[in-house]
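What follows is the residue order along each chain.
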Amino acid sequence: MSMVHIGMMQSSSKKVITKEEWEKKLSEVKIRKEDMNRLVMNFLVTEGYVEAAEKFQHESGTQPDIDLGTITDRMAVRKAVQCGQVEDAIEKVNDLNPEILDTNPQLFFHLQQQRLIELIRAGKVEEALEFAQEELAPRGEENHAFLEELERTVALLAFDDASTCPVKEVKELLDNAQRQKTASELNAAILTSQSHEKDPKLPSLLKMLIWAQNQLDEKASYPRINDLVNATLEEPVT
Amino acid sequence: MPASASWASRPEDLVESLSSLDNTARLKAIRDVKNQIIGNKTKKLSYIKLGAVPRVVEILASDTEVPLLVQSAAAVGSFACGTDAGVRAVLDSGVLPHLLKMLQNGDTQVAEACARSLKMIFHSPLAPKSDMFQGHRMELLLKLLNHGNESVAEVAARVLARCCETKEHQLALANAGGLQSLVSLLAGSIKIREASLDALAALTKNNKHLSEMVIKLDNGDALASIIRLIKDKSSLTRLLACMCLANIGKACPGGYSQESEVRADMLSILMRLLDEPGQAGQDAPGVLADLVANNEELQKAAADQNAVEKLADFLLRKEVPSKQLEGVLLGLSELCSKLENSRRQLLDLQDLKSFNTSLALAAPLLLRPMVHGSLVAALRHPCDGVKVAACACVRSLSRSVKNLRTSLTSEQFVRPLLQLINDPSPAVQAEALTAVGNIVLDFTPQKSVIMQTDGIAQLINLAQSMDHTLRRNAVLALKNFLFMADITVKHRVIAELTIPTLCDLIQDPEEEVQEQAITLVRNLVHGEPDSIEQIFSDGGLLFQAIEKQLINPRPDIALQALYVINNVVSGSEVHKEAVMTSILSSQLASNTSWLTRFLQDTSNPQLRVVAVWCIINLLYPAGEDISSRVVRLREAGVEAQLHKMVDDSCLDVKSHVRTALEMYFGIRHIDGLQCI
């Protein structure tokens, strides 16, 4: 009974921590420079900034957690998809590691779908139809979800100029965003095959910061970080 | 786009070019084939038909140029990925020795490509497992665990994981230092770690000795690393670490100090993994089954976390992979093995989805217990593992008397189970027999189904199987079938089984069969004198067979024989006299009768309890021969022995001895015999 009472008392009058106290506490927390550098390197490597990673390695002496050569390969694959050269991308991935597309039917389907989209974009109608029939239809038979996506893609052929297609979900397939989506899916699969996490660590750290601040908001008033880009400490609300 | 849209080139020509004399043409052909078949099952099958595989393997076997070797190894791997036909085709082409040899190739690219192909092959159940223990292959794989290239080390662990299916294989690997090498890989990258956990799980499965070794390895550090990994970020790592620890816990219960906390953690981790997509989710139910096996406390905790409902939900889903379905059924079977509440919960689950779509007014009638249909379907599943698991599940459910009377009565279970006892797979037969054994216990509806069908003939047939597990389980089922059965059922079973066959089973080379056969006789001669009479038919062959087992050195077997005698001795005067004769003739033959020997046996008080019961039954009810029996028992030294037992350490024995002596006293008093 008394416990509940105290709890209610506390929630009604939140503890206030001033900026000075907060900064003093913050300065007491020691974070190793090497750890910070590794976080940065992890970001550069995962996102594929190979030149920046090389420079950063040179300047800070931080070892990348992956062979930088593999980043170049990965980026070449990604770029090929972004430029619409899907077949080229597929061959490159298969040289990198044949397991990736062999064990990932969904990704393989999306790449084939992208290939079909590129054929349609280039106006190669006959080739597109043949490709859809030869390569994509059997995948559609294996998996119902693929069939629906295939039907949506083939719908592009119904319009002389697909960009005038009235159905939003169909027209979207021709957007650059579709290429980006396929490219990121492929990028993530390559990273996973290299025993590397597919997302950099920094964004999840930021998410944890936001979560922790939200938790703390219920108990105390403190110098919050609202501007994540500059990480400025706000004055506590009293 | 490249001009040569490869999907458009003629496959026949490509296959031909695989054997071209020109290196460049060969390389182009093999690369094209590889790029066409990766991810494409249809293409794989059509190239296999065109005879591409032997040509691809030929390149691996005889070429020396790195690009050719890499491409052909990759193509082999792709052929072996995803289709059984592909695995068969590459194995038939004799690829295995070449791949193994190439693992040691100085060029890392070649070694890596071969490692990946080998991994694909060993992913399939068709992979030749015991072949890997020939020659120096095991040593090679163990050496490769420390290979600088991650893929090579990974595949070595994966292949080891798939190969050790027998205790001998497990031990051979451990003796060659496998455990230590695998444990040191736990610190590696995620793939290496998972491969190592996979292999450690395979080594500890049902192996107490190796489980103990893992617990003690590096002063417990190895075990601590595995325990840490159950909370890893990767769901597959969490699953594999749980698999390892569940195997260790099952093989070696209470093997380490913090075990109960670890098990509790694992339970909630596995419960969450059930919903995970991919391998982690598919394997989670089976690991959960192993975790809660033989642990009632954990079974309760799992039930509290709604495990029964969650697992049963998978039974309703369509297209659940066989391995997952097997795990789900095994999980349910473990959860229902002891807890009546869980059994009830599983059988009472209603199909709420169909309820929502059906007419509300008629709903109470339409609501049918949902698991019945799914269980019956699982009993008819094409995959052996699922059938075994479904039988195990029915067996657990049938442990409840209430369920036998109500939910499981319908013929829908009995018929498919009877079909399964003729299944081509001995594992399925054995498990189906055990389930039948439970289901036929005591209750008439099932018994009538068995009587109507050729169930008895099938069981009798299996009771003479070459496989002793099948023999044991068939006899067990027949034994349960005879439990409290009426005399017509007993007559029919004995007529079909025949007394000489039953005598053979009582003297079976396997003790577990003997024990079941003796208890079958015990059920046979339980009850009315008509029932008892059967042991003396055919010139008393059966009685003699039981008599021989009274002096079996194994106390549990002798005890069962004694129970038979106790049933006989509770019959008519004639039956009592037959036992009396047996006691006296054994006294003559070896100076101490079997009865006295039981009374003097200190190994198991139950032996003394039943022996005293026999005496009580010999004296009750007091028939015409009673005074002569009292005299004869005294001459055989039985009465004196009873007097020595009035202060027996076992309370049960003590009170029965007292009853027996009081009866002696009463009889003497009536007959005016002199007291001692």
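Each chain carries its own residue numbering, running from 1 in the written order of its sequence. Chains carry letters from A onward and ligands carry numbers from 1 onward, assigned in written order. Owing to the predicted nature of the model, reporting of local features is limited to residues with pLDDT of at least 70; listing and counting of side-chain atom pairs is limited to 80 or more, with chain, interface and lining totals taken over all residues. Side-chain measures here rest on the full set of heavy atoms in the structure, leaving out hydrogens and waters.

Peer 1: Go over unusual backbone geometry with me, naming the residues and quoting the values.
Peer 2: All names here are of chain B. Backbone geometry at Asn206 places phi at a positive 50°, although glycine is not the residue there. Each helix corresponds to a stretch of at least 4 residues labelled H or I by DSSP, and each strand to a stretch of at least 2 residues labelled E; elements are numbered beginning at the N terminus. With respect to the secondary-structure elements, Asn206 resides in the loop between α13 (190–204) and α14 (208–216). Here Asp218, not a glycine, exhibits a phi torsion of approximately 50°, which is positive. Residue placement: Asp218 occurs in the loop between α14 and α15 (221–229). Burial classes: relative accessible area under 20% of the type maximum marks a residue as buried, over 50% as exposed, and values in between as partly exposed (1.4 Å probe, protein chains only). With relative accessibility at 36%, the residue Asp218 sits in the partly exposed group.

Peer 1: Provide a residue-level description of the UniProt feature "domain: CTLH" (unreviewed entry) in chain A, including the pertinent values.
Peer 2: UniProt positions are given in the numbering used here, feature names are shortened, and annotations may be inferred rather than shown by experiment. When the UniProt feature table is mapped onto this chain, "domain: CTLH" (unreviewed entry) is found at residues 70–127 of chain A. Split by type, residues 70–127 of chain A is 83% helix and 0% strand. Its first and last C-alpha atoms lie 34 Å apart.

Peer 1: Please set out the confidence of the model for chain A residue by residue, giving values where relevant.
Peer 2: Residue and element names in this part refer to chain A. Scored between 0 and 100, pLDDT is the confidence that the predictor attaches to each residue. In this model, chain A carries an average pLDDT of 86, and 95% of its residues clear a pLDDT of 70 or more. No element of chain A has a lower mean pLDDT than helix α1 (residues 2–12), at 44, and none a higher one than helix α6 (residues 86–96), at 95. When checking whether two residues touch, look at their non-hydrogen atoms; a contact exists if any pair is within 4.5 Å. Within the model, the stretch residues 1–11 combines pLDDT values under 50 with zero contacts to residues more than four positions away or in other chains.

Peer 1: Talk me through the packing of helix α8 (residues 105–121) of chain A against helix α12 (residues 176–193) of chain A; I want residue IDs and the actual numbers.
Peer 2: Residue and element names in this part refer to chain A. Between N-to-C directions, angles cover 0 to 180 degrees, with each direction set by a line fitted to C-alpha atoms, over the stretch in contact for helices. In contact at an axis separation of 10 Å, α8 and α12 are set at 150° when each is read in the N-to-C sense. Comparing their axes, α12 and α8 come out roughly antiparallel. In this structure, α8 meets α12 at a crossing whose hand is left-handed. Contact residues: α8 offers Gln106, Leu107, His110, Leu111, Gln113, Gln114, Ile117, Glu118 and Arg121, while α12 offers Gln178, Arg179, Thr182, Glu185, Leu186 and Ala189. Put simply, angles under 35 degrees are roughly parallel, angles over 145 are roughly antiparallel, angles from 65 to 115 are roughly perpendicular, and the rest are oblique. By definition, any crossing whose near helix is turned counterclockwise from its far helix by less than a right angle is left-handed, and any crossing with a clockwise turn is right-handed.

Peer 1: Give a description of helix α33 (residues 487–497) of chain B that names residues and reports values.
Peer 2: Counting along an α-helix, one turn takes 3.6 residues, and residues three or four places apart therefore face a common direction. All names here are of chain B. Listed as buried for α33 are Val489, Lys490, Val493, Ile494 and Leu497. Angular distribution of buried residues about the axis of α33 spans 125°; they occupy a single face of the element. In α33, those exposed residues whose orientation departs by more than 90 degrees from the buried face are Thr488 and Ala495. Once α33 finishes, Thr498 follows within two positions and takes phi at roughly 70°, a positive value. As used here, the arc is the angular range of directions from the helix axis to the C-beta atoms.

Peer 1: Could you give an account of the packing of aromatic side chains, naming the residues involved and the relevant values?
Peer 2: Each aromatic ring pair is characterised by the separation of its centres together with the angle its planes make. Residue and element names in this part refer to chain B. Here is the rule: rings of Phe, Tyr and Trp (six-membered ring for Trp) pair when centre to centre is within 6.5 Å. Planes less than 30 degrees apart are stacked, more than 60 are edge-to-face, and the remainder are tilted. Under the definition given, this model contains five aromatic pairs over all chains. Pairing Trp594 with Phe598 gives two aromatic rings, centres 6.4 Å apart and planes at 70°, and the pair type is edge-to-face. In this pair, Trp594 and Phe598 are both assigned in helix α40 (residues 594–600), four residues apart and thus about one turn of the helix distant. With relative accessibility at 5%, the residue Phe598 sits in the buried group. Here the guanidinium or amino end of Arg317 rests over the ring plane of Phe314, the centre of that ring lying 4.2 Å away. By definition here, charges over rings are those cases where NZ of Lys or CZ of Arg is within 6 Å of the ring centre and within 35 degrees of the ring normal.

Peer 1: Outline the UniProt feature "coiled-coil region" (unreviewed entry) in chain A, listing residues and values.
Peer 2: As annotated in UniProt, the feature "coiled-coil region" (unreviewed entry) corresponds to residues 167–194 of chain A in the numbering used here. For residues 167–194 of chain A, the helix share is 79%, the strand share is 0%, and the end-to-end C-alpha distance is 39 Å.

Peer 1: Describe the domain arrangement of chain A, with residues and values.
Peer 2: What marks off one domain from the next here is an automatic or database domain assignment. Per the domain assignment, the segments making up chain A are domain 1 (66–193) and domain 2 (203–238). Once you take the C-alpha centre of each, domain 1 of chain A and domain 2 of chain A turn out to be 41 Å apart.

Peer 1: Describe the interface of chain A and chain B, naming the residues involved and giving the relevant values.
Peer 2: Facing 27 residues of chain A, the contacting portion of chain B comprises 29 residues. By definition, the buried area sums, over both parts, the 1.4 Å-probe accessible area that each loses when the two are put together. Both faces considered, chain A and chain B share a buried interface measuring about 2400 Å² in area, 47% of it formed by carbon and sulfur atoms. What counts as a salt bridge is simple: a side-chain nitrogen of Lys or Arg found within 4 Å of a carboxyl oxygen of Asp or Glu. The interface formed by chain A and chain B holds seven salt bridges in total. Side-chain atoms alone can form a polar contact between residues adjacent in sequence; in general such a contact is a pair of N or O atoms within 3.5 Å, and within protein one must be able to donate a hydrogen while the other accepts it. Our enumeration of links across chain A and chain B arrives at 16 residue pairs in polar contact (both at pLDDT 80 or more). Mapped by element, the contributors of at least two residues to the side of chain A that touches chain B are α6, α7 (99–102), α8, α9 (125–142) and α12 of chain A. If you tally residues by element for the side of chain A that touches chain B, the top one is α9 of chain A, at eight residues. A per-class count over the side of chain A that touches chain B returns seven nonpolar, six polar and 14 charged. Under this grouping Gly is polar, as are all residues other than the nonpolar Ala, Val, Leu, Ile, Met, Phe, Trp, Tyr, Cys and Pro and the charged Asp, Glu, Lys and Arg.

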